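# Structure assessment
Here's the letter readout for the chains.
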Amino acid sequence: GDIKKHLESLGASVKRELCWSKSNAFPRNIERSFVQAREYAIWGVKKGKWTFNKRKGKGYETGMFTYPVQKSEHPAKKPEGMFSEIIEILSNPGDLVVDPFTGLGTTNVAAEKLGRKHIGFELDATFHALAVESLNSVNGGNNGITSKGGVSSTNSVHPQSDNNSSESVNKV
């Protein structure tokens, strides 16, 4: 819906929907409704050529990732392992990964560990501070984080990019 339209208005191309299947979903209202055991995300890229690194030994990629829900300070914490998988499939080292709903910074942490540039946005000051703390714990805190009004990025990200690159924009 709205997120897809906004990405397209910014010149991005939306490729597919991705799905997190929660292996231990919280069984709320089980007598009255289905258990909410999935969350969806949009895979969007800059228009033009994009990256897709199909994993060896995998017949095909479904866009479905099964991981357990994790307890944390954030009500919707996503598993780092899932983000690592997605980032490895949809980008190469040095590519840019953007998370417009950073939360605790899981996408940024996974991207940093995998050698990707990354930008994250978080409006909630508490979650923003926790995201910065998480990112600073990677590589001994030498990540060059800048922060302003709930937005953080690393100093390795530059607004001007090579138009021939295959930078992926990922949100899960």
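Please refer to the structure higher up on the page.
Report follows, based on the coordinates. (Residues numbered from 1 in each chain as written. Predicted model: local features only at pLDDT ≥ 70, side-chain atom pairs only at ≥ 80, totals over all residues. Heavy atoms only, no water.)

A tally of helices and strands in the chain yields four helices and eight strands. Helices (α) and strands (β) of the chain occur, in sequence order from the N terminus, as α-β-β-β-α-β-α-β-α-β-β-β. Here the chain holds 172 residues, and 39% of them are scored as buried. In the chain, 61% of the contacts between residues at least 6 apart in sequence involve partners at least 24 apart. Surface exposure of the chain reaches about 10500 Å², of which carbon and sulfur atoms provide 53%. (Helix = DSSP H or I, 4+ residues; strand = E, 2+ residues; numbered from the N terminus. Buried < 20%, exposed > 50% of the residue type's maximum accessible area, 1.4 Å probe, protein only. Contact = heavy atoms within 4.5 Å. Areas by Shrake-Rupley, 256 points an atom, 1.4 Å probe, with all protein chains shown as cover.)

On to the packing of helix H2 (residues 80-90) against helix H3 (residues 106-113), then. Packing of H2 against H3 brings their axes to within 9 Å, and their N-to-C directions diverge by 55 degrees. Considering the angle they form, H2 stands oblique to H3. In the crossing of H2 with H3, the sense of the turn from one axis to the other is right-handed. Residues Glu-80, Phe-83, Ser-84 and Ile-87 of H2 lie in contact with H3, whose contacting residues are Thr-106, Thr-107, Val-109, Ala-110, Ala-111 and Lys-113. Partitioning the contact of H2 with H3 into residue classes produces five nonpolar, three polar and two charged. (Axes fitted to C-alpha atoms, helices over the stretch in contact; angles between N-to-C directions. Parallel < 35°, antiparallel > 145°, perpendicular 65-115°, else oblique. Left-handed = near helix turned anticlockwise from the far one by under 90°. Nonpolar A, V, L, I, M, F, W, Y, C, P; charged D, E, K, R; others polar.)

A word on the nonpolar core. With 11 residues, the main nonpolar core is built from Leu-18, Trp-20, Ala-41, Trp-43, Val-45, Phe-65, Tyr-67, Met-82, Ile-86, Ile-89 and Leu-90. A total of four residues in this core trace back to one element, the largest contributor, which is H2. Judged by nonpolar contacts, the second largest core, of five residues, contains Phe-83, Ile-87, Ala-110 and Ala-111. (Core = buried A, V, L, I, M, F, W, Y, C linked by side-chain atoms within 4.5 Å.)

A turn of α-helix holds 3.6 residues, and therefore any two residues three or four places apart point the same way. Of all 11 residues making up H2, eight are buried, and the element is well covered by its neighbours. Among all positions of H2, only Met-82, Phe-83, Ser-84, Glu-85, Ile-86, Ile-87, Ile-89 and Leu-90 are buried.

Turning our attention to the side chain of Glu-122. Residue placement: Glu-122 occurs in the loop between strand S5 (117-121) and helix H4 (125-136). Separated by 2.6 Å, the side chain of Glu-122 and the backbone nitrogen of Gly-103 make a polar contact. A distance of 3.0 Å separates a polar atom in the side chain of Glu-122 from the backbone nitrogen of Asp-124. (Polar contact = N/O pair within 3.5 Å; in protein donor to acceptor, adjacent residues only side chain to side chain.)

What follows is about the pairing of strand S3 (residues 64-67). Side chains Phe-65 and Tyr-67 project from S3 onto a buried face, and the interleaved Met-64 and Thr-66 project onto a face without burial. Relative to S3, strand S1 (residues 12-22) is paired through four bridges, and the arrangement is parallel. Residue pairing across strands places Lys-22 opposite Tyr-67, the latter belonging to S3. (Pairing = 2+ DSSP bridges.)

Turning our attention to the pairing of S1. Pairing between S1 and strand S2 (residues 38-46): nine bridges, direction antiparallel. Counted as the bridge partner of Val-14 is Gly-44 from S2.

With that settled, the discussion passes to the side chain of Asn-108. Note that Asn-108 resides in helix H3. The contacts of Asn-108, once residues within four sequence positions are left out, are Thr-102, His-118, Ile-119, Gly-120 and Leu-135.

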